[in-house]
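# Coordinates in review
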Amino acid sequence: MIVSLVIFFTLIGGVAISTQSSLNSRLSKTIGLMETVFFSLGSGSLVLGVLVIFFGSGKLFELIHAPKLELFAVFFGIAYVFLSTFNVNKLGVTVANLTAIVGQILSGFIIDALGLFESEIIEFSWQRCISIILMLCALALIFTEKNSSSKNYGHT
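A brief report on the enclosed structure follows. The shown structure was predicted, so the numbers you read here are calculated from the model rather than taken from an experiment.

Along the chain, Asp112 turns up in helix H5 (residues 93-114). Taking the C-alpha atoms as reference points, Asp112 and Ile2, 110 residues apart in sequence, are found 23 Å from one another. Ignoring any residue separated from it by four or fewer positions in sequence, one finds Asp112 in contact with Glu120, Ile121, Ile122 and Arg128. Within the structure, Asp112 has its side chain in polar contact with the side chain of Arg128 (distance 3.2 Å).

Listed below in structure tokens is the structure:
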């Protein structure tokens, strides 16, 4: 039951990421790329600030004791929102998100296999190898389809 809920919430998170990147892409055409990333992260920070005040654990100021490497994660979040907004404008939602997912899974496999960031070591198996090959094939098929339909309709 708990695993089913976690999978369901993960799927909802995926829907949220696709929707956010698509809406951010459209907004960036109106107000600009940097402005969209600022608005997205800034307004998100304000909402989260209120949630932290009412529902947080009260440990926010322990940040001063956190390892610097862990604090660096904020830059990856900024990079993700920036790049997803930029890439959706250039590639479309499906191609941009699938490419990001393949990158996430590849880096996840490396983190798991090496036990980086004190994570549990999960060996790289033949099943993981085949899954990467299949994802790369899916990515190639979608890129091929996107490029052929762009040529058919005269898009650039």
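Picking up after the structure, the text goes on.
All right, on to the layout of surface pockets then. The space that makes up the largest pocket amounts to roughly 170 Å³. At the level of elements, helix H4 (73-91) and H5 are the ones that each hand at least two residues to the lining of the largest pocket. Broken down by element, the residue count for the lining of the largest pocket peaks at six residues, all from H4. Tallied by class, residues from the lining of the largest pocket come to six nonpolar, five polar and no charged.

Looking now at the packing of aromatic side chains. The geometry of an aromatic ring pair comes down to the distance between the two centres and the angle between the two planes. Counted under the stated rule, the structure contains four aromatic pairs. Ring centres 5.8 Å apart and planes at 55° place the aromatic pair Phe8 and Phe9 in the tilted group. Given the relative accessible area of 53%, Phe9 is considered exposed. The interplanar angle of 85° and the centroid separation of 5.5 Å between the aromatic rings of Phe72 and Phe76 together place this pair among those described as edge-to-face. Three or more aromatic residues link up through ring pairs in this structure, and these residues are Phe72, Phe75 and Phe76.

This part is about the state of the cysteines. Enumeration according to the criterion identifies zero disulfides in this entry. Left without a disulfide partner, Cys129 is nearest to the cysteine sulfur of Cys137, which lies 11 Å away.

Okay, helix H2 (residues 33-55) next. Taking 1.5 Å as the rise per residue, H2 with 23 residues should run 33 Å; its terminal C-alpha atoms sit 32 Å apart, in good agreement. Restricting attention to buried positions, one finds in H2 the residues Thr36, Val37 and Ser40.

Turning next to the pattern of salt bridges. Counted by the stated rule, this structure contains one salt bridge. Salt-bridge contacts for Arg128 lead to Asp112; the nearest nitrogen and oxygen are separated by 3.2 Å. One end of the pair, Arg128, is in helix H6 (residues 126-153); the other, Asp112, is in helix H5, and 16 residues separate them in sequence. On the accessibility criterion, Arg128 (18% relative accessible area) is buried.

On the surface, Leu69, Phe72, Val74, Phe75, Phe76, Ile78, Ile110, Leu114, Leu116 and Phe117 cluster together to form a nonpolar patch covering roughly 1000 Å² of accessible area. Breaking the nonpolar patch down by element, the ones donating at least two residues are H4 and H5. If you tally residues by element for the nonpolar patch, the top one is H4, at four residues. Within the element layout of this structure, Leu69 appears in helix H3 (residues 68-71).

How each quantity is defined
- Along each chain, residues carry numbers from 1 onward, in the same order as the chain's sequence is written.
- Only residues with pLDDT of at least 70 are given local features in this predicted model, and only at 80 or more are side-chain atom pairs given and counted; all residues enter the totals for whole chains, interfaces and linings.
- To get the side-chain values, all heavy atoms of the structure are used, and hydrogens and water are removed first.
- A run of H or I in DSSP becomes a helix once it reaches four residues, and a run of E becomes a strand once it reaches two; helices and strands are each numbered from the N terminus.
- Contacts: residue pairs with any heavy atoms within 4.5 Å of one another.
- Counting of polar contacts relies on pairs of N or O atoms within 3.5 Å, with two restrictions inside protein: one atom must be capable of donating a hydrogen and the other of accepting it, and residues adjacent in sequence are counted only when both atoms are side-chain atoms.
- Both site types are read off a 1 Å grid over the protein atoms alone. A 1.4 Å probe that fits but cannot get out defines a cavity, while an open set with protein on both sides within 12 Å along at least five of seven lines defines a pocket; lining residues have an atom within 4 Å of a point.
- Grid points are joined across faces, edges and corners, and a volume is the space filled by probe spheres set on the points.
- Residue polarity follows a fixed list, in which Ala, Val, Leu, Ile, Met, Phe, Trp, Tyr, Cys and Pro are nonpolar, Asp, Glu, Lys and Arg are charged, and the others, Gly among them, are polar.
- Between 30 and 60 degrees the pair is tilted, below 30 it is stacked and above 60 it is edge-to-face, where a pair is any two Phe, Tyr or Trp rings, Trp via its six-membered ring, whose centres lie within 6.5 Å.
- Exposure classes here rest on a 1.4 Å probe applied to the protein chains alone. A residue is buried below 20% of its type maximum, exposed above 50%, and partly exposed in between.
- Criterion for a disulfide: a pair of cysteine sulfur atoms within 2.5 Å.
- Expected span of a helix: the number of residues minus one, times 1.5 Å.
- By definition here, a salt bridge exists when the distance from a side-chain nitrogen of Lys or Arg to a carboxyl oxygen of Asp or Glu is within 4 Å.
- Only residues whose relative accessible area exceeds 30% and that form no salt bridge are eligible for patches; like-charged ones are grouped when within 9 Å, while nonpolar side chains (Val, Leu, Ile, Met, Phe, Trp, Tyr) are grouped when within 5 Å.
- In these tables, accessible area is a Shrake-Rupley quantity obtained with a 1.4 Å probe, and a residue counts as shielded only by the protein chains included in the view.

Shape is all these values report; function is a separate question.
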